[in-house]
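Here is what each chain is made of, one letter per residue.
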Amino acid sequence: MGARGTSGSHSGAAGEVAVLRAIAAADLDTLEDLADEWWYELPARFGRELLDLLAGLPHAAVADRPRLLVAGLLAYRFVVEREDMEMRGTLQAFAEHGSRLQAKLAKFDQPSDVIAAGLLTLISARMRGAYTLADRIGDWVERRTIRADDGSPLPWSADRVSVRPGLVALQRGITSLLAGESGRATDHFARAYAQAGPSPFQHFAGVAACANLALVAATRGHHGLALQWLDRSAKAGRVPDWLEHYLLLGAWLAEAHLAIDRLDRPSAEQALARAGTGSDASELWPFIAAARAAFATTFGSPVEGLVDLDAANLAHGIDSRPGPDLAGLLLRARADLLVAIGGDGNPVLALQDRGNPTSLASPVARVFLLAADPDRALTVAERALGDPAVTLRDTADLQLLSAIAHLRRGEPEDARQAFTIALGLREQGLLRPFAQVPAGDLQDLCRMTGTDPAVLAPALAAREPARVSVLALTRTEQSVLDALATGASPTRIAHERGVSINTVRSQVRALYRKLGASNRSAALARARKLHILPRG
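We now turn to the structure provided with this report. (Residues numbered from 1 in each chain as written. Predicted model: local features only at pLDDT ≥ 70, side-chain atom pairs only at ≥ 80, totals over all residues. Heavy atoms only, no water.)

Details of the overall build of the protein chain
Moving on, step 1. Across its full length, the protein chain holds 29 helices and two strands.
Moving on, step 2. The principal-axis extent of the C-alpha atoms belonging to the protein chain is close to 95 × 60 × 40 Å.
Moving on, step 3. When each of the 536 residues of the protein chain is scored for burial, the buried share is 52%.
Moving on, step 4. Across the protein chain, the fraction of contacts at a sequence separation of at least 24, relative to all contacts at a separation of at least 6, is 69%.
Moving on, step 5. Just so you have it, the protein chain exposes about 23200 Å², and 52% of that area is on carbon and sulfur atoms.
Moving on, step 6. Averaging the coordinates of the 59 positive side-chain charges in the protein chain and doing the same for the 60 negative ones gives two points 8 Å apart. (Helix = DSSP H or I, 4+ residues; strand = E, 2+ residues; numbered from the N terminus. Buried < 20%, exposed > 50% of the residue type's maximum accessible area, 1.4 Å probe, protein only. Contact = heavy atoms within 4.5 Å. Areas by Shrake-Rupley, 256 points an atom, 1.4 Å probe, with all protein chains shown as cover. Lys, Arg positive; Asp, Glu negative; His and termini not counted. Charge placed at Lys NZ, Arg CZ, Asp CG, Glu CD.)

Here it is in structure tokens:
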């Protein structure tokens, strides 16, 4: 990202003197007003002095002043946890104090107090996974502050005063994003961007909103839109070094996704190094974990990627409570890694029972294609392409997989049409799908369509996909296996299906041969290992 321009305190040295004088005099009212004006800059620039003051005050003197409480918690973040991207102590404190303030929200009348107390409460609810409650709190805060404003100052008015402009909409956007509601998140982030004020102190929510809008666009493969939001984030105003990870994480993850799609490994590594790991105590940890998994899948380290993904899940455990779509994001990351590792493809197919079929369509279709089953690969791909919810990146991937499936089925016209669509999406920056299919198939499609292979050179230079095998049962075999798993005897199975006992015995023997087993116990154990049966 580019330079963020120049910035300094709009109050200059006089402003700094005012802050230090208020701290020295323990003038809490003035200090709260200055916290409104300086926003993140006050706890970041004067964190040590502020913490020294707060440490000597009675607990109640701070606890009932939400603006001062927020400034103190942020000061702790910048002073004590400044070198630690995890922010564990700060997040825990936000959760505890926000929960305590929930019952007191109605007593606050001043807009700045309503915003500070409301956001502490919102963040606390969100960290508990209570996304609906968090959004209701955000809605209440916005309506309460609107009622408290007489509405007379216009945006261009010289006397217009804004308290942390855009912050409530930003936090509502983060809540929706973590709840898996990307559409609502986009609306909230766009409002935060529109509400944000000028640098040096009023622009912070706008910067973060643009960064998160870039993340939403990049996650779905919309390169042009993501680049627009990255550019707006860069132009919104300078972000001090100590605030970068707090405000720009979404932008770094967006940059990582764009670089991975372009097969630009150095740029992706740089962006991910700034973002940290999925094990860090960031609320956006599922997005970090998914981006790192995409890197591992694309650049040939899927085993390491699977270890990192498991570490991220373990680090957050049940306390993270991602929304349904984010749980699907992590499930998709696991599926992609398993396909890249190769070997048994049945665990990937088993994930379909736990996630959105459209979200998992690309890895499932890839499993069938790599297992030399183009018919089922095409069935999965075509079904997903008919879903309006399919992402742009998956559209490119599924069209390419469809082209190869048609090619292997001897359907050149259909293969040409699907490949042409995939090539068109490659021009939008989506080169990654071409690096995840056999080079021989790509070359055949290039010859068929008269495409210069040079346009796919980075993809053709990628490592060949790992071999995948799938043990697939016929409907009859699966029915027999399910019955055996319940403890049913061949006689009972024959009676329930209305066939002879000899027919069932023949089917059982065929099933055992396919599973490489010699008896019922061994067959059931093998089926569970292959994820054909759920584990007991």
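A look at the packing of aromatic side chains
Moving on, step 1. Per the stated rule, a full pass over the model turns up nine aromatic pairs.
Moving on, step 2. Ring geometry for tryptophan 38 and phenylalanine 46: centres 5.7 Å apart, planes at 65°, overall edge-to-face.
Moving on, step 3. When its relative accessible area of 0% is taken as the criterion, tryptophan 38 is described as buried.
Moving on, step 4. Their ring planes at 50° and their centres at 4.9 Å tell us that phenylalanine 295 and phenylalanine 299 sit as a pair that is tilted. Across this residue pair, the class does not change: phenylalanine 295 and phenylalanine 299 are buried.
Moving on, step 5. In textbook terms, an aromatic cluster arises when at least three aromatic residues are bridged by ring pairs, as seen for Trp39, Tyr40, Phe204 and Tyr246.
Moving on, step 6. Against the face of tryptophan 229 rests arginine 232, its NZ or CZ located 4.5 Å from the ring centre. (Phe/Tyr/Trp six-rings, centres within 6.5 Å; stacked < 30°, edge-to-face > 60°. Lys NZ or Arg CZ within 6 Å of the ring centre and 35° of its normal.)

Overview of the nonpolar core
Moving on, step 1. Tyr40 and Leu170 are the most contacted members of the largest nonpolar core, which has 97 residues in total.
Moving on, step 2. It is helix H12 (residues 204-219) that provides the largest number of residues to this core, a total of 13 residues.
Moving on, step 3. Apart from residues lying up to four places away in sequence, leucine 170 is in contact with Phe189, Ala192, Ala205, Ala208, Ala209 and Asn212.
Moving on, step 4. One finds Leu263, Leu360, Val364 and Ala403 within the second-largest nonpolar core, a separate group that totals 42 residues. (Core = buried A, V, L, I, M, F, W, Y, C linked by side-chain atoms within 4.5 Å.)

Observations concerning the environment of leucine 249
Moving on, step 1. Within the secondary structure, leucine 249 is located in helix H14 (residues 244-262).
Moving on, step 2. Residue leucine 249 is classed as buried on the basis of its relative accessible area, which comes to 5%.
Moving on, step 3. C-alpha separation for the pair leucine 249 and alanine 271, spaced 22 residues apart in sequence, amounts to 9.4 Å.
Moving on, step 4. Leaving out residues up to four positions away in the same chain, leucine 249 has contacts with Glu244, Ala275, Ser282, Leu284 and Ile288.

Focus on unusual backbone geometry
Moving on, step 1. Note the cis peptide between serine 199 and proline 200, where omega equals 15°.
Moving on, step 2. Along the chain, proline 200 falls in the loop between helix H11 (182-195) and H12.
Moving on, step 3. Even without a glycine there, the phi angle at alanine 26 is positive, about 55°.
Moving on, step 4. Within the secondary structure layout, alanine 26 lies in the loop between helix H1 (12-24) and helix H2 (28-38).
Moving on, step 5. Positive phi, close to 60°, is recorded for tryptophan 39, a residue that is not glycine.
Moving on, step 6. By the element assignment, tryptophan 39 lies in the loop between H2 and helix H3 (41-45).

Considering the pattern of salt bridges
Moving on, step 1. Tallied over the full model, the rule gives 37 salt bridges.
Moving on, step 2. The partner of arginine 172 in a salt bridge is aspartate 139, and the shortest N-O contact between them spans 3.8 Å. Of this pair, arginine 172 sits in helix H10 (residues 167-178) while aspartate 139 sits in helix H9 (residues 131-148); the two residues are 33 residues apart in sequence, bridging distant segments of the chain.
Moving on, step 3. For arginine 172, a relative accessible area of 6% translates into the label buried.
Moving on, step 4. With its nearest N and O atoms 2.9 Å apart, the salt bridge here joins aspartate 336 to arginine 332. Here the residue aspartate 336 and the residue arginine 332 both occupy positions in helix H18 (residues 324-341), the gap between them amounting to four residues, near one helical turn. For the residue pair aspartate 336 and arginine 332, the accessibility class agrees, reading buried in each case. (Salt bridge = Lys/Arg side-chain N within 4 Å of Asp/Glu carboxyl O.)

Overview of helix H15 (residues 265-275)
Moving on, step 1. Residues of H15 that are buried: Ala268, Ala271, Leu272 and Ala275. The buried side chains of H15 occupy one side of the element, clustering within an arc of 95° when seen end-on. Exposed residues pointing more than 90 degrees away from the buried face of H15 are listed as Pro266, Gln270 and Ala273. (Arc of directions from axis to C-beta.)

Some words on empty space enclosed by the protein
Moving on, step 1. All chains considered together, the criterion is met by three cavities of 30 Å³ or more.
Moving on, step 2. In this structure, the largest cavity occupies an estimated 380 Å³ of space.
Moving on, step 3. In terms of lining residues, the largest cavity is bounded by 20 residues, among which Ile174, Tyr246, Ser282, Glu283 and Leu284 are the most central.
Moving on, step 4. Among the secondary structure elements, those contributing two or more residues to the lining of the largest cavity are helix H7 (88-101), helix H8 (111-127), H10, H12 and H14.
Moving on, step 5. Here the element with the most residues in the lining of the largest cavity is H14; it accounts for five residues.
Moving on, step 6. Partitioning the lining of the largest cavity into residue classes produces 13 nonpolar, five polar and two charged. (1 Å grid on protein atoms, 1.4 Å probe; cavity = no way out; pocket = protein on both sides within 12 Å on 5 of 7 lines; lining within 4 Å. Points joined across faces, edges and corners; volume = space filled by probe spheres on them. Nonpolar A, V, L, I, M, F, W, Y, C, P; charged D, E, K, R; others polar.)

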